[in-house]
Amino acid sequence: MNKHERLDEIAKLVNKKGTVRTNEIVEGLNVSDMTVRRDLVELENQGVLTKIHGGARSNSNFQYKEMSHKEKHTHQIEEKRYIAKKAASLIEDGDTLFFGPGTTIEVLAEEINHHSLTVITNCLPVYKILLEKQTTNFRVYLLGGEMRHLTEAFVGEMANSVLEKLRFCKMFFSSNGVNKGSVMTSSLDEAYTQQLAVEHSVEKYLIVDHTKIGKNDFTSICHLDDLTAVIMDNQDQEKLEQIKTYIEVVE
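Each value, and the rule that gives it
- Residues numbered from 1 in each chain as written.
- Predicted model: local features only at pLDDT ≥ 70, side-chain atom pairs only at ≥ 80, totals over all residues.
- Heavy atoms only, no water.
- Pairing = 2+ DSSP bridges.
- Helix = DSSP H or I, 4+ residues; strand = E, 2+ residues; numbered from the N terminus.
- Polar contact = N/O pair within 3.5 Å; in protein donor to acceptor, adjacent residues only side chain to side chain.
- Buried < 20%, exposed > 50% of the residue type's maximum accessible area, 1.4 Å probe, protein only.
- Arc of directions from axis to C-beta.
- UniProt positions renumbered as here; feature names shortened; annotations may be inferred.
- Contact = heavy atoms within 4.5 Å.
- Phe/Tyr/Trp six-rings, centres within 6.5 Å; stacked < 30°, edge-to-face > 60°.
- Expected span 1.5 Å × (residues − 1).
- Axes fitted to C-alpha atoms, helices over the stretch in contact; angles between N-to-C directions.
- Core = buried A, V, L, I, M, F, W, Y, C linked by side-chain atoms within 4.5 Å.

Looking up the chain in an unreviewed UniProt entry gives the name Lactose phosphotransferase system repressor, with the organism given as Staphylococcus pasteuri_A.

Listed below in structure tokens is the structure:
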């Protein structure tokens, strides 16, 4: 086994298990402890994993540190635009919509050119984009409450008490990860607000790019079985097929 094959095997192992101990790799690949340590350093430099005491942790398996709103804007731009166009095609004039937080939802807000809509959102950047399109028949509302600065989303009792009274034709939201059917995010407060919107919507659409599939995060918003469909790109057929085992995919 050459070096590239060894690095590939280590990456597959750590992504499959989430975390792996150094001695597991030593025994599994029949190489020295020093060789494994050098390989882990190289894979860490490549962004594949993070070294931890006695082993390594997959970077693709768990969203340990939520990216900032600014950081998310620089990732998968083309995929987000593709997904947003698909989502916008499902919106009809006269709909009452809920838009959750997220940079993909912001791209969706940019894509909308409908004449008659009512949109409620708890995300400040989404609201700002839609506010520029507001007319007599295109109404936009921002839920208030406590703002999570990382996502610029309003959550908490104030937002939830208003949301309890509202009902929507369609809901569009994103997540930090989708793993084994669970739709994941980093915040309990944000998850609960999204759960309320899911419960109060007739049609519920999760919009995510392929890099989110297989990732875990701190808490679950809902299960894929609770939704109408997932809207995602077609850049990774294996991940696409994973989601199709649970729910319809708009691609």
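So much for the structure itself; the text now carries on.
Asker: How would you sum up the pairing of strand 2 (residues 49-52)? Please name residues and give values.
Answerer: In this sheet, strand 3 (residues 55-58) lies alongside strand 2 in antiparallel orientation, the contact comprising four bridges. Looking at the pairing, Ile52 lines up with Gly55 of strand 3. Where strand 2 folds back onto strand 3 in an antiparallel hairpin, the turn is made up of two residues, including Gly54, whose phi is positive at roughly 85°.

Asker: Tell me about the side chain of Ser187, and name the residues and values.
Answerer: Along the chain, Ser187 turns up in the loop between strand 11 (182-185) and helix 9 (188-199). Only 3.1 Å separates the side chain of Ser187 from the backbone nitrogen of Glu190, close enough to count as a polar contact.

Asker: Any chance you could break down helix 7 (residues 124-131) for me, citing the residues and the numbers?
Answerer: For helix 7, the full list of buried residues reads Pro125, Val126, Ile129 and Leu130. Projected down its long axis, helix 7 carries its buried residues within an arc of 130°, all on one side.

Asker: Residues and numbers for the UniProt feature "domain: HTH deoR-type" (unreviewed entry) in the chain, please.
Answerer: Under the local residue numbering, the UniProt record ascribes the feature "domain: HTH deoR-type" (unreviewed entry) to residues 3-58. Helix makes up 64% of residues 3-58 and strand 20%, whereas the separation of the span's terminal C-alpha atoms amounts to 19 Å.

Asker: Before we move on, can you summarise the environment of Ser58 with the specific residues and values?
Answerer: On the secondary structure map, Ser58 appears in strand 3. Apart from residues lying up to four places away in sequence, Ser58 is in contact with Val14, Asn15, Gly18 and Val48.

Asker: Describe the packing of aromatic side chains, with residues and values.
Answerer: Enumeration according to the criterion identifies three aromatic pairs in this entry. Look at Phe98 and Phe168: their rings are 5.4 Å apart centre to centre, the planes differ by 50°, and that puts the pair in the tilted class. Residue Phe98 is found in strand 4 (residues 96-99), and its partner Phe168 is found in strand 9 (residues 168-173); the two are separated by 70 residues along the sequence. Take Phe98: its relative accessible area is 0%, and that puts it in the buried class.

Asker: Which residues make up helix 5 (residues 77-88), and what are the values?
Answerer: The terminal C-alpha atoms of helix 5 lie 16 Å apart, and with twelve residues this matches the ideal 16 Å at 1.5 Å per residue to within 8%. Taken as a whole, helix 5 has its buried residues at Glu79, Lys80, Ile83, Ala84, Ala87 and Ala88. One side of helix 5 holds all its buried residues, which, seen down the axis, span an arc of 160°.

Asker: Could you give an account of the sheet that holds strand 6 (residues 138-142), naming the residues involved and the relevant values?
Answerer: Here we have seven strands laid out as an open sheet, ordered 6-5-4-9-12-14-15, and parallel in their pairing. Only two strands of the sheet have a single neighbouring strand rather than two, namely strand 6 and strand 15 (249-250). Contacting strand 9, strand 12 (201-207), strand 14 (229-231) and strand 15, helix 5 crosses the sheet at an angle of about 140° to strand 14.

Asker: Could you give me a rundown of the environment of Ala197, with the residues and numbers involved?
Answerer: Secondary-structure assignment places Ala197 in helix 9. For the pair Ala197 and Phe99, spaced 98 residues apart in sequence, the C-alpha to C-alpha distance is 9.0 Å. Filtering out sequence-adjacent residues up to four positions away, Ala197 remains in contact with Phe98, Leu163, Phe168 and Met171.

Asker: Before we move on, could you go through the environment of Val183 and cite the residues and values that matter?
Answerer: Its location among the elements puts Val183 in strand 11. In this structure, the C-alpha to C-alpha distance between Val183 and Glu199, residues 16 residues apart in sequence, is 14 Å. Setting aside residues no more than four positions away along its own chain, Val183 makes contact with Phe173, Ser175, Gly177, Leu206, Thr219, Ser220, Ile221, Cys222, His223, Leu224 and Leu227.

Asker: Outline the nonpolar core, supporting the account with residue identities and numerical values.
Answerer: Of all hydrophobic cores here, the largest spans 27 residues; its most connected members are Phe173, Leu206, Leu224, Leu227 and Ile243. The set of elements that each furnish at least two residues to this core consists of helix 8 (157-163), strand 9, helix 9, strand 13 (219-223) and helix 10 (237-244). At four residues, the largest contribution of residues to this core is made by helix 9. The contact partners of Leu227, leaving out residues within four places of it in the chain, are Phe173, Val183, Val198, Lys204, Leu206, Cys222 and Ile247. By size, the runner-up hydrophobic cluster in this structure holds 26 residues, among which are Ala87, Ile105, Tyr205 and Ile207.

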